[in-house]
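# Structural overview for review
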Amino acid sequence: MSAVFGSSVAALLGPTNTGKTHRAIARMLEHRTGMIGLPLRLLAREVYDRVSSIVGELEVALVTGEEKRVPPRPRYWIATVEAMPLDLEVDFLAVDEIQLCAHPQRGHVFTDRLLHARGRSETWFLGSDTMRDALVDLVPVAEHRRHPRFSRLTARGAVNLASLPPRSALIAFSAREVYELADRLRGRRGGAAVVLGALSPRTRNAQVAMYQAGEVDYLVATDAIGMGLNLDLDHVAFASLTRFDGRHARPLAPTEVGQIAGRAGRHVRDGSFGTLAPLELGADVVFAVENHRFPAIRRLVWRNSALDFASLASLQASLDERPRSRWLSLVEHAEDAAALKALTQHAEVRPLLGDPELLRLAWAVCEIPDFRRLLPEHHASLLAEIFLALVAGGGRLSDDGMERHVRRLETAEGDIDTLIMRLELVRTWRYVANRGSWLDHPERWQRRTEQAEDAISDALHQRLIERFVDRAQRRRRAHRPASRGVETRPQVIEAARAASGPFAMLAQLRGAVPSHALEGDDAELGRWVDAVVAAPFEALVVDEAGAISFDGERVAELVRGRELVHPEVKLALGREVPQGRALLLLRRLRAHARDLVTSLLAPLDPERPAPVDAATRGLLHQLSRGLGTLALADARPVLEQLSDEARGRLLERGVTIGRRAVYVPALADARAVRTRLALVGAFVARRPPVRLEGGAVAVRRDAKVASSTYLACGYLELGPLAMRVDAVEALLEELDGLVPAGPIRGGAELAASLGRSEDEVASVLLALGFTETEDGFVAPARARAHPRARPARRA
């Protein structure tokens, strides 16, 4: 996806907690299609969860190295920056944390996106102010926008564990330090949640949800929390000010301190930062962080993206090509290039690299990340094994070979370190499984490796709880008064609502899930929650009263949202579920509610199967807001603008322009009507809004039900009855056949076909404009000339 002429480019630069990612998501959803590239798999999954809870999982794809969730026709793509599918054209494109262009190992990928990736209509780059000068020179067309931080960030100095305030995060930069700190917090303060970069999204989410729900008051983390993850933190304390960058230990840069410290004080709630005694931050660092003033980035890491696979020498030459801009410097240590260099030293591999196609395959293998972070030669040995197996299999890995590697990872036994190492290896094979062209049965191996990762992740979450959370303290917290629970803090709920993050749904759990239900978080409960979260669309059943059930058990209900086609979801569980797991359920069920509407209104999508003109788009929009039915009087202004060709295309989409309404016959079947009843009932708070005994095509009108409610359910009011719109149009066709023979006498047949009394049918005919005479009912065009017209009877 190269630069597009006419595409606007915006740079949203500024400190943390300015809502950059939130704004980008909202802007993307205003476009027909879009893509966001994010720096971490954890963050990509968080944004995917957020977007899918807004528009449904049928509309959103998730693409990372190890995970691909791609529905048949997604509109929006959420990806890690490395995995962005740039062969796709989208209207809106955004890249988050663009300051990572300066990262020594990954920067060349971000720089490539900065220089070449564009949306058809709009492109946004999000990140730190330190990128401003570089963007002015390299992307001169970009419009720069700056938003102030929502809250203040203030230095608090050094504290010890005894005085560490609740809702704090302790930051360290190695697993050993993190474990040591979490152990100390367990002994002194009841325990902590743990976040490491090596955790899977599933384990990280479970740990963070435990913290967010107030089950523990502290979080111990690495810099994995520094990239956009939204947490309810009041204070960030650094327990270390040095880190190992893969080659040597070095002091934290002020920008790194600012990025991590900025996690404190979400939305409008102020935050603080400091150190764990005896460490101290320098005065210059404190000033920079408090005032968000950091040195500008002067060099971006770059690598040629037009690689030459004609020979090993030409590939190496293209990798070594030097940039021509003063802003760009050649990447010094890229993981894939280092892996290629190691492969060329392998006795069995090197002779094969003279073939351009095998060289291209070898490069693809070198792109497998080193999740284990072992010595380079160990990673190169695994890559050589995979490459040689691919060559021997004609570009495919055998099922037997995959079985040998994956089977030994399908166990959840072991301590924390063992599980983390196994998790890292599973991530490698998930990455391989998601290279579909390398396997005969990619779906099988994607499923197997995902299941293995999930099982290990759940076991790891439990081991972390067992080691770092005092169970007695946890039980005491579980039975404290609800008024002390995190869900009752108005400022937390208000900030969550405004942030619209994955934990913004805490407010919707009030009353639905007891906050003390912590001991029920066992393996059986976990499997049940997983089953609901992973359930396909058809397995979640919504009845006409808006109740959502799984396997016969009611789990939630639809409630009024901001408009008819955007219902919200409220949990209605028959079992106790801790808030952490309840949040997972709520996110999945909100996504299902969006998918429910998307599936119902699929015939009215203005972009599929092909885009339509403005007038047709307007009519389809009106139909969608009415759940597939629009009174003819309301549609007439738009209908007058439609060409014959546009009317033909509406007919192809299944839209009928009748004499009383514009409607979609496909939305009158039993399943569609049930969904419409559920949506309307949630919106008007009447369940069900209309009672349809046995799917009747006509029912007695209820004076308490508004005409608009009947119409949204697919029914038109006619005298004392409400009749399904397709039945009204069919009745008019039938009456057309009777009119030429003269006045219509007797209504027994019509009454039988509608399942109503003759008096009711007579009232319907009057409502349709017929006039009652001594000879029968006369059509409107003939009524004025008929000599024996009677006064209309009262309906």
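Per chain, residues are indexed from 1 in the order of the written sequence. Note on the predicted model: pLDDT of at least 70 is required for a residue's local features to be given, and 80 or more for side-chain atom pairs to be given and counted; whole-chain, interface and lining totals, by contrast, use all residues. In computing side-chain values, all of the structure's heavy atoms are included and hydrogens and water are not.

A separate point is the overall build of the protein chain. Secondary structure counts use DSSP, requiring at least four H or I residues in a row for a helix and at least two E residues in a row for a strand, with both numbered from the N terminus. Scanning the protein chain from N- to C-terminus turns up 28 helices and 30 strands. Remark: exposure states derive from per-residue accessible area (1.4 Å probe, protein chains only) relative to the maximum for the residue type, with buried under 20%, exposed over 50%, and partly exposed in between. For the protein chain, with 795 residues in total, the buried portion stands at 56%. About 33,700 Å² of surface is accessible on the protein chain, with carbon and sulfur atoms providing 51% of the total. Using a 1.4 Å probe, the Shrake-Rupley method yields the accessible areas, and only the shown protein chains count as cover for residues.

With that settled, the discussion passes to helix 25 (residues 725-738). What a helix should span is 1.5 Å times the count of its residues minus one. Over its 14 residues, helix 25 extends 20 Å from the first C-alpha to the last, a length consistent with the 20 Å expected when each residue adds 1.5 Å. Residues of helix 25 that are buried: Val725, Ala727, Val728, Glu729, Leu731, Leu732 and Leu735.

Two pairing modes exist for strands in a sheet, parallel and antiparallel, and in both the strands are linked by backbone hydrogen bonds. Read across the open sheet, the 3 strands follow the order 26-28-27; overall the sheet is antiparallel. Of all strands in the sheet, those with a lone pairing partner are strand 26 (698-700) and strand 27 (715-718), marking the two edges. When the angles between neighbouring strand axes are averaged without regard to direction, this sheet yields 25 degrees. Inspection of the sheet shows strand 26 paired to strand 28 (residues 721-724) by 3 bridges, in the antiparallel sense. DSSP bridges decide pairing: two strands pair if at least two such bridges lie between them. Fitting a line to C-alpha atoms yields each axis, with helices limited to the stretch in contact; the angle taken between N-to-C directions then spans 0 to 180 degrees.

Before going further, it helps to spend a moment on the environment of leucine 642. Within the secondary structure, leucine 642 sits in the loop between helix 21 (632-639) and helix 22 (644-652). Separated by 28 residues in the primary sequence, leucine 642 and alanine 614 place their C-alpha atoms 9.5 Å from one another. When residues no more than four places from it in sequence are discounted, the contact partners of leucine 642 are Ala615, Thr616, Leu619, Arg647 and Leu650. Every residue pair with non-hydrogen atoms within 4.5 Å of one another is taken to be in contact.

Our next topic: the packing of helix 6 (residues 201-212) against helix 15 (residues 442-468). A pair of packed helices can be characterised by two numbers: the angle between their axes and the separation between those axes. One way to put it is that helix 6 packs onto helix 15 with a least axis distance of 8 Å and a crossing angle of 35 degrees. Here helix 6 runs over helix 15; the crossing is right-handed. Two secondary-structure elements touch here, helix 6 through Pro201, Arg202, Thr203, Ala206, Gln207 and Met210 and helix 15 through Glu453, Asp454, Ser457, Asp458, Leu460, His461, Leu464 and Ile465. In the contact of helix 6 with helix 15, the residues fall into 6 nonpolar, 4 polar and 4 charged. For any pair of crossing helices, the crossing counts as left-handed if the nearer helix is rotated counterclockwise from the farther one by less than a right angle, and right-handed if it is rotated clockwise. Residues are grouped as follows: Ala, Val, Leu, Ile, Met, Phe, Trp, Tyr, Cys and Pro are nonpolar; Asp, Glu, Lys and Arg are charged; all remaining types, including Gly, are polar.

Let us look at helix 10 (residues 335-343). Taken together, the buried positions of helix 10 are occupied by Asp336, Ala339, Leu340 and Leu343. Down the axis of helix 10, the buried side of the element spans an arc of 100 degrees, and every buried residue falls inside it. Check the buried side of helix 10 and you find it contacts helix 9 (312-320), helix 11 (356-366) and helix 12 (376-392). When we speak of the arc, we mean the arc of directions from the helix axis to the C-beta atoms.

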